[in-house]
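# Coordinate inspection notes
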Amino acid sequence: MADQEEEDLRMALRMSMQHESPEPKRSKPRDAVTGALVDCPEESPEAKNRRLQRELMAAAAEKRMLAARITSPSGSPSKAISNTRAHSAKSENDLGRKGATSGKELSPEEANQLFSMVFGTGVSKDILAQWSNQGIRFSPNLETAMGLVQHEGGPCGVLATIQAFVLKYLLFSPDDLGKVTSNTSQNLGARSLSKGLCVASTNFASLTEEAKARALVRSMGEILFLCGGYKRAVIATLSSFAPEDISKDEKFLRVDEYASQASAFQRLEDMIPVFQSRMGAMLFLISALLSRGLDFIQADRDDPSLPLVTAPFGHASQEIVNLLLCGQAVPNVFDGRMDLGGGLFLKGISTNVEVGFLTLLESLNFCKVGQHLKCPKWPIWVVGSESHYTVLFALDTSVQEENELEERESQIRKAFDVQDQSGGGGFISVEGFHQVLRDAEIRLPPEKVEQLCSTGFIVWSEFWQVILDLDKTLGGLKDSSSSMGRKVFDLYHFNGIAKSDLNGGQAISGGETPVQRPRLTKLRVSVPPRWTPEEYLATVPSGPCADESTGKDTEVSKPEPSQHAPLVDCVRTRWPRAICNWTGDPPSIV
């Protein structure tokens, strides 16, 4: 019986690998000009029986392929990629598009290199299942209609990055969604930042399906051209015998390269149903890797021997997220590159970005996010935790504008980071410290300089405390006039993974049934001039004993009651004294 099943599987695979269908298609073809359905000759009983038999066998083959993939890592997507021939695009419709090339066939070597680069050699069945069952789909829930839903744990880095770009178009460029020019390098991401640009409504339920689809196409296209150095975009999709019926089991991996933005966007629009399918996230990752080029991907990395999908939980690595954010698969989040001596360098982010990145790991002192990612062009950030990626965004671009205090703080921190060769550890040498004082125009009293240099290295936290106590006339941040006022603004946090939400439940038999849906949380953020809650409680008098002038200053500086969640720690890596408040359940970054 087992032998017969294997023979059936091999036969079904051979049928599904054919480039020509021996029987009429199940769906009627469409007229190339009008798009109308065209009548086909009626199937003969014999042809119908052959078709039904082939469909049943192909369905069985797919199930067995999935089972084989789960049982043996060596027989999963790597084998599928290397055994599945890239379908050549020979149709008049595809070849007639300006800027498009015919489908490219991946060699077995390229397919194996691609699989090893992504998953390594010891990938588990659970990781493969996660990456093989995640489509790129918008939430059906009205409150989170602008968001992409995640059902599996691994591909969140891909989905969150696409989500960030989708929000960029929906929030800040809604009028540009239908405009596509042939000048890729100047058109993509070229909209200038308007000071104080706001979105009047937060009614995401009013977004049309057409607007969301266009935003998704623009976002995917921009990311792919970004990976391709604004010269090309490679699109990997699944092709079936009948393109208008992607539910069929006879699919092929197809790779097309585009130099024309308009052609690439049209192709992405045509293939949206494929990217919505269970292989959507994986196909987009493959597209991004091939747009960059596998050799360039390996050159970007500090350790090319490690897989891009990290064990043991199958999460997208920082290299994948950085590739989609800045077009290079560098592994670090600091600005530029770090010289380790002896000709060795660690690679970071080398250019400004459209949407940024914040991480909980920075609040734990495991890394330091540079200004490129921390201060992107648009107020949208992918947020990383130890195991998940989500998105933080604002509706008002003025949150990016720095007041006097923030501008001075950024200047001093940037000068310090230039001298920090510890990989973001937050300490520098005595020689580097003196350079920081010169670059930031800080005039410390000699006794303070001697105190900070006594151990042979200077720690950022100790140096920063001295700067807070140093008068602004000497280059510090102490401001007796209290002219450096606080900032108050709103942020929104979106977690695309479907979670149980009792707040959205409906009463059934006297109880509540949790609803599986993404979460959108509004945060009210207040950034005091210099106080943290601890500093305030330790230094500001309160109650009837406080004099009138002190009471006035207290009114300016006193922080609001604080709520806490890990997301707040991420927010404070961007706005160090931020106090966050929200209504309802705390925002979740896991």
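The numbers attached to residues start from 1 for each chain and follow its sequence in the written order. Since the coordinates come from a predicted model, pLDDT governs what is reported: local features require at least 70, and pairs of side-chain atoms require 80 or more to be given and counted, while whole-chain, interface and lining totals use all residues. Only hydrogens and water are set aside; all other atoms, that is, all heavy atoms of the structure, feed into the side-chain values.

## Some thoughts on the overall build of the protein chain
When helices and strands are tallied, the protein chain shows 23 helices and 14 strands. For every residue, the accessible area (1.4 Å probe, protein chains only) is compared with the maximum for its type, and the residue is labelled buried under 20%, exposed over 50%, or partly exposed between those bounds. Per-residue burial for the protein chain yields a buried fraction of 48% across its 590 residues. Note on contacts: a residue pair is in contact if any heavy atoms of the two residues lie within 4.5 Å. A separation threshold of at least 6 residues defines the contact pool for the protein chain, and within that pool the share at least 24 residues apart is 68%. Note on areas: Shrake-Rupley with a 1.4 Å probe; residue coverage comes only from the protein chains shown. When the accessible surface of the protein chain is split by element, carbon and sulfur atoms take 52% of a total near 27,900 Å². Put simply, DSSP marks the helices as runs of H or I at least four residues long and the strands as runs of E at least two long, and each gets a number from the N terminus on.

## A look at the pattern of salt bridges
Throughout this description, the term salt bridge denotes a Lys or Arg side-chain nitrogen within 4 Å of a carboxyl oxygen of Asp or Glu. This model, assessed by the stated rule, comprises 16 salt bridges. Between Arg214 and Glu210 there is a salt bridge; the shortest N-O distance is 2.7 Å. With Arg214 and Glu210 both in helix H9 (residues 209–227) and four residues apart, this pair spans about one turn of that helix. What you see here is one network of salt bridges that share partners, running through Lys168, Glu222, Glu354 and Lys377.

## Regarding the pairing of strand S9 (residues 389–393)
The two faces of a sheet get side chains in turn, since along a regular strand they alternate between them. Of all five residues that make up S9, five are buried, and the element is covered over most of its length. As defined by bridge partners, strand S8 (residues 380–384) adjoins S9 across five bridges and the pair is classed as antiparallel. Within the sheet, the bridge partner assigned to Gly384 lies in S9 and is Tyr389. Between S8 and S9, which pair antiparallel and follow one another directly, the connecting turn spans four residues. For two strands to pair, DSSP has to find at least two bridges joining them.

## Looking at the confidence of the model for the protein chain
pLDDT: the predictor's confidence for each residue, scored from 0 to 100. Overall, the predicted model of the protein chain reaches an average pLDDT of 76, with 66% of residues at or above 70. Low pLDDT, under 50, characterises residues 61–98; the stretch is placed with 73 contacts to residues that sit more than four places away or in other chains. Here residues 190–196 is modelled with pLDDT under 50, and outside its nearest four sequence neighbours on either side it reaches 18 contacts, counting other chains as well.

## Observations regarding the packing of aromatic side chains
Put simply, two rings from Phe, Tyr or Trp (the six-membered ring, in Trp's case) pair if the centres are within 6.5 Å, and we call them stacked under 30 degrees between planes, edge-to-face over 60, tilted for the rest. According to the stated counting rule, one finds 13 aromatic pairs in the structure shown. On the numbers, 5.2 Å between centres and 20° between planes, the contact of Phe172 with Trp378 is stacked. Of this pair, Phe172 sits in helix H7 (residues 156–172) while Trp378 sits in the loop between helix H16 (371–374) and S8, and the two are 206 residues apart along the sequence. The two residues Phe172 and Trp378 agree in class, both being buried. With a centroid separation of 5.6 Å and an interplanar angle of 20°, the aromatic rings of Phe393 and Tyr492 are classed as stacked. With a gap of 99 residues between them, Phe393 in strand S9 and Tyr492 in strand S12 (residues 487–508) connect regions that are remote in the sequence. Taking relative accessible area as the criterion, Tyr492 reaches 9% and is therefore assigned buried. Among the aromatic side chains, those forming a connected cluster through ring pairs are Phe416, Phe433, Trp460, Phe463 and Trp464.

## Examining the nonpolar core
Side-chain atoms within 4.5 Å link the members of a nonpolar core, which is a set of buried Ala, Val, Leu, Ile, Met, Phe, Trp, Tyr and Cys residues. Counting residues in each nonpolar core, the largest one holds 89 residues, and the members touching the most others are Phe119, Ile162, Phe284 and Phe393. Here the element with the most residues in this core is H7; it accounts for 13 residues. Every residue in contact with Phe119, bar those within four places of it in the chain, is listed here: Ile127, Leu128, Trp131, Met282, Pro307 and Val309. If you look at the next biggest cluster of nonpolar residues, it comprises 23 residues, including Val436, Leu444, Cys453 and Leu470.

## Side note on the packing of helix H17 (residues 404–419) against helix H20 (residues 460–469)
Throughout, an axis means a line fitted to C-alpha atoms (over the contacting stretch in the case of helices), and angles, computed between N-to-C directions, take values from 0 to 180 degrees. Close contact between H17 and H20 brings their axes to 12 Å; oriented N to C, the two are set at 145°. Of the two possible hands of crossing, H17 and H20 adopt the one that is right-handed. Here H17 contributes Glu409, Ile412, Arg413 and Phe416 to the contact with H20, which in turn contributes Trp460, Phe463, Trp464 and Ile467. In terms of residue class, the contact of H17 with H20 is made up of six nonpolar, no polar and two charged. Whether a crossing is left-handed or right-handed is set by the direction in which the near helix is turned from the far one by less than a right angle, anticlockwise for left-handed and clockwise for right-handed. Gly falls in the polar group here, along with every residue not listed as nonpolar (Ala, Val, Leu, Ile, Met, Phe, Trp, Tyr, Cys, Pro) or charged (Asp, Glu, Lys, Arg).

## A few points about the packing of H9 against helix H12 (residues 280–292)
In the contact formed by H9 and H12, the axes pass within 7 Å of each other and the chain directions differ by 35°. Residues Met220, Ile223, Leu224 and Cys227 of H9 form the contact with H12, whose participating residues are Phe284, Ser287, Ala288, Ser291 and Arg292. Of the residues that constitute the contact of H9 with H12, the class distribution is six nonpolar, two polar and one charged.

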